[in-house]
There are 2 protein chains.
Amino acid sequence: MNADQERLEQALRSRDLRVTRTRRAIFAEILASSDSHLDVRQVHGRLMRKGRNVSLATIYRTLHLLVRSGLLSREDLGESHGHYEPKKRAAGHGHLICSSCGRVFEFADEGIRKALAEVGAAEDFRLEKYSLQIFGSCRRCRK
Amino acid sequence: MNADQERLEQALRSRDLRVTRTRRAIFAEILASSDSHLDVRQVHGRLMRKGRNVSLATIYRTLHLLVRSGLLSREDLGESHGHYEPKKRAAGHGHLICSSCGRVFEFADEGIRKALAEVGAAEDFRLEKYSLQIFGSCRRCRK
DNA sequence: ATGGGTGCAAAGCATTTGCAGTACA
DNA sequence: TGTACTGCAAATGCTTTGCACCCAT
């Protein structure tokens, strides 16, 4: 049993929720592709290909649950559906999205964090989290 | 005929598109509520209340058109549907969104702009535009 | 008049929900 | 064993599309 699965068990048990095979599988799938920002259909496809018959409804329910429990975060990458990734410690981080090839690069820059805090302060706004998407073209696509 | 309507005519004519009553009305509605970030249903509601029988389909089509023409921009404010506002000169600006009352405050901070450009440069990414949402609680709601 | 614009209804996606059956504590 | 969990299918919400009619040019 690895550390991530233990975090999952702990999070679920502490909320009197059950630790099921399906929940383990869904959580593991997101972690295994932590740099790909999977969407619901991708998670479903990967599980089905492994012979796990999991319904879309359960995936939606489980992902919501894991987001509420603080294990995952849902990201908006400029498409009509959401993407999921393991939750970072910081209260937010940004995504560089290539408009051409669609690849996503993450970043968490301290300068931005500070600039955001200042903007919030100027408006007397208590910052909880932020969501930042930068669209552009990556080096590979510019050639 | 005011300056905004002239901009609309110019934008449409230059693309060999027709200047219709319906398009004028939709554009005017967004401008009239430029600080409210209207969504499609709100635009529809306001027009209907004024006795203009405009279909949702046409509103969707027209808003897309105006975004493509550079007159409006579509913003994602963390809901499952989009919001529209007059397009600003700058290639992007952010929104402070109160998680409690839902009010939206805009800002365009030079410090953030610079920090973003630096992040892009570090990854050799050519920045086209950005979208930034800061969630938190406004002063009024914290009391 | 003629081709683009519009309303209406149906279709398309992403997501949620009701319900009956299944499996974890 | 009892109840939360799950699959299935139907429902929902937002948005797009097909088609016949309408109106700017």
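Parameters and conventions
Residues numbered from 1 in each chain as written. Chains lettered and ligands numbered in written order. Predicted model: local features only at pLDDT ≥ 70, side-chain atom pairs only at ≥ 80, totals over all residues. Heavy atoms only, no water. Least-squares fit on C-alpha atoms with pLDDT ≥ 70 in both. Contact = heavy atoms within 4.5 Å. Helix = DSSP H or I, 4+ residues; strand = E, 2+ residues; numbered from the N terminus. Buried < 20%, exposed > 50% of the residue type's maximum accessible area, 1.4 Å probe, protein only. Polar contact = N/O pair within 3.5 Å; in protein donor to acceptor, adjacent residues only side chain to side chain. Near = heavy atom within 4 Å. Disulfide = S-S within 2.5 Å.

1. Side note on the relation of the copies chain B and chain A
Copies of the same chain, two in number, are related to each other by a rotation about an axis and a translation along it. Expressed as a screw operation, the relation of chain B to chain A combines 0.0 Å of axial shift with a rotation of 180 degrees, fitting to an RMSD of 0.1 Å. One copy is carried onto the other by what is essentially a two-fold rotation axis. Among all residues of chain B, the one whose C-alpha sits closest to the rotation axis is B:Leu132, at a distance of 2.2 Å. The residues that chain B uses at the interface reappear at the interface of chain A in 100% of cases, marking a shared surface.

2. Section: the environment of B:Glu9
Residue and element names in this part refer to chain B. Among the structural elements, glutamate 9 can be located in helix α1 (residues 3-13). According to the relative accessible area criterion, glutamate 9 is buried, its value standing at 16%. With 15 residues separating them along the chain, glutamate 9 and arginine 24 place their C-alpha atoms 8.7 Å apart. A distance of 2.7 Å separates a polar atom in the side chain of glutamate 9 from a polar atom in the side chain of arginine 13. There is a polar contact of 2.9 Å between the side chain of glutamate 9 and the side chain of arginine 24.

3. A look at the protein's contact with DNA strand C
Around DNA strand C, the structure places 23 residues, and the nearest of them are A:Tyr60, B:Arg18, B:Thr20, B:Arg23 and B:Thr58. Each atom of DNA strand C within 4 Å of the protein belongs either to a base or to sugar and phosphate, the latter forming 69%. A:Val19 is positioned such that a nitrogen or oxygen atom in its backbone is 3.3 Å from a phosphate oxygen of DNA strand C. At 2.6 Å from a phosphate oxygen of DNA strand C is found a side-chain nitrogen or oxygen belonging to A:Tyr60. Put simply, the parts of the chain that give the surface near DNA strand C at least two residues each are α4 (56-68) of chain A together with α2 (21-32) and α4 (56-68) of chain B.

4. Re the state of the cysteines
Residues and elements named next belong to chain B. Taken as a whole, this structure holds zero disulfides over all chains when the rule is applied. Unpaired in terms of disulfides, cysteine 141 finds its nearest cysteine sulfur in cysteine 101, a separation of 3.7 Å. On the accessibility criterion, cysteine 141 (28% relative accessible area) is partly exposed.

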